[in-house]
Amino acid sequence: MKTVQFAALGTLFLAAAAASAQTTVKDAWVRGTVAPQKATGAFMQITSAQGGKLVSAQSPLAGVTEVHEMAMEGDVMKMRAVPALELPAGKAVELKPGGYHLMLMDLKQPLKAGENVPLTLTIETKDGKRETLELKVPVKSAGAAPAMEHKR
Ligand SMILES: [Cu+2]
């Protein structure tokens, strides 16, 4: 059985994922929040060795987690939920502020810098199998990157 290594901010997380797991996540972080903020973004680099797509994400700290796409339209930052994020074989896909991100909504508590957010990613591989990746994603302070407003 293979193990998959997740490097997040210099820390290694080991996950006993499915034996076929070939998806690597690195540089994962979640933007910290202050009350009464109920939503934030999670960012990371995902590489699927054999190709596949990210079909869902879940966190026990968020009521709803979605895959979002964000783009500037004129002066306005717009975002929308996407049903799946394509992961081309061997190519790192970057989730970052202003682009793709995981949207954590209906947060159950403020997320403070230094804490870790459990996050489960579900990846559908090319052959239609599903694998889940269990991550512990560190929280960075809200000021670590430009603000990202999420209107619902
Ligand atoms: Cu979003």
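Above this text you will find the structure in question.
Analysis parameters
- Residues numbered from 1 in each chain as written.
- Predicted model: local features only at pLDDT ≥ 70, side-chain atom pairs only at ≥ 80, totals over all residues.
- Heavy atoms only, no water.
- Phe/Tyr/Trp six-rings, centres within 6.5 Å; stacked < 30°, edge-to-face > 60°.
- Helix = DSSP H or I, 4+ residues; strand = E, 2+ residues; numbered from the N terminus.
- Buried < 20%, exposed > 50% of the residue type's maximum accessible area, 1.4 Å probe, protein only.
- Lys NZ or Arg CZ within 6 Å of the ring centre and 35° of its normal.
- Pairing = 2+ DSSP bridges.
- Salt bridge = Lys/Arg side-chain N within 4 Å of Asp/Glu carboxyl O.

**Overview of the packing of aromatic side chains**
Tallied over the entire structure, the rule returns one aromatic pair. Each ring, one from Trp-29 and one from Phe-43, has its centre 4.6 Å from the other, and the planes form 35°; the classification is tilted. On the criterion of sequence distance, the pair formed by Trp-29 in strand β3 (residues 23-31) and Phe-43 in strand β4 (residues 40-48) is long-range, its members being 14 residues apart. With relative accessibility at 0%, the residue Phe-43 sits in the buried group. Seen from the ring of Trp-29, Lys-140 lies directly overhead, with NZ or CZ sitting 4.6 Å from the centre.

**Description of the pairing of strand β11 (residues 116-125)**
By the criterion of burial, β11 is predominantly enclosed, with eight of the ten residues buried. Across six bridges, the pairing between strand β5 (residues 52-58) and β11 is antiparallel. Paired with Leu-54 across the two strands is Ile-123, which belongs to β11. By the bridge criterion, nine bridges tie β11 to strand β12 (residues 130-140) in an arrangement that is antiparallel. Residue pairing in the sheet places Thr-122 in a bridge with Thr-132 of β12. Two successive antiparallel strands, β11 and β12, enclose a turn made up of four residues, where Gly-128 displays a positive phi of approximately 85°.

**Describing the pairing of β5**
As judged from the three bridges shared by β5 and strand β8 (residues 85-87), these two strands associate in the antiparallel manner. Paired with Lys-53 across the two strands is Glu-86, which belongs to β8.

**Here's the deal with the pattern of salt bridges**
Per the stated rule, a full pass over the model turns up four salt bridges. Here Lys-78 and Glu-73 are joined by a salt bridge, their closest N and O atoms 3.8 Å apart. Note on Lys-78: relative accessible area 42%, which makes it partly exposed. Classification of Glu-73 by relative accessible area gives partly exposed; the value is 49%. Of the charged contacts, one joins Lys-129 and Asp-127 as a salt bridge, the two residues approaching to 3.6 Å between their closest N and O atoms. With relative accessibility at 53%, the residue Asp-127 sits in the exposed group.

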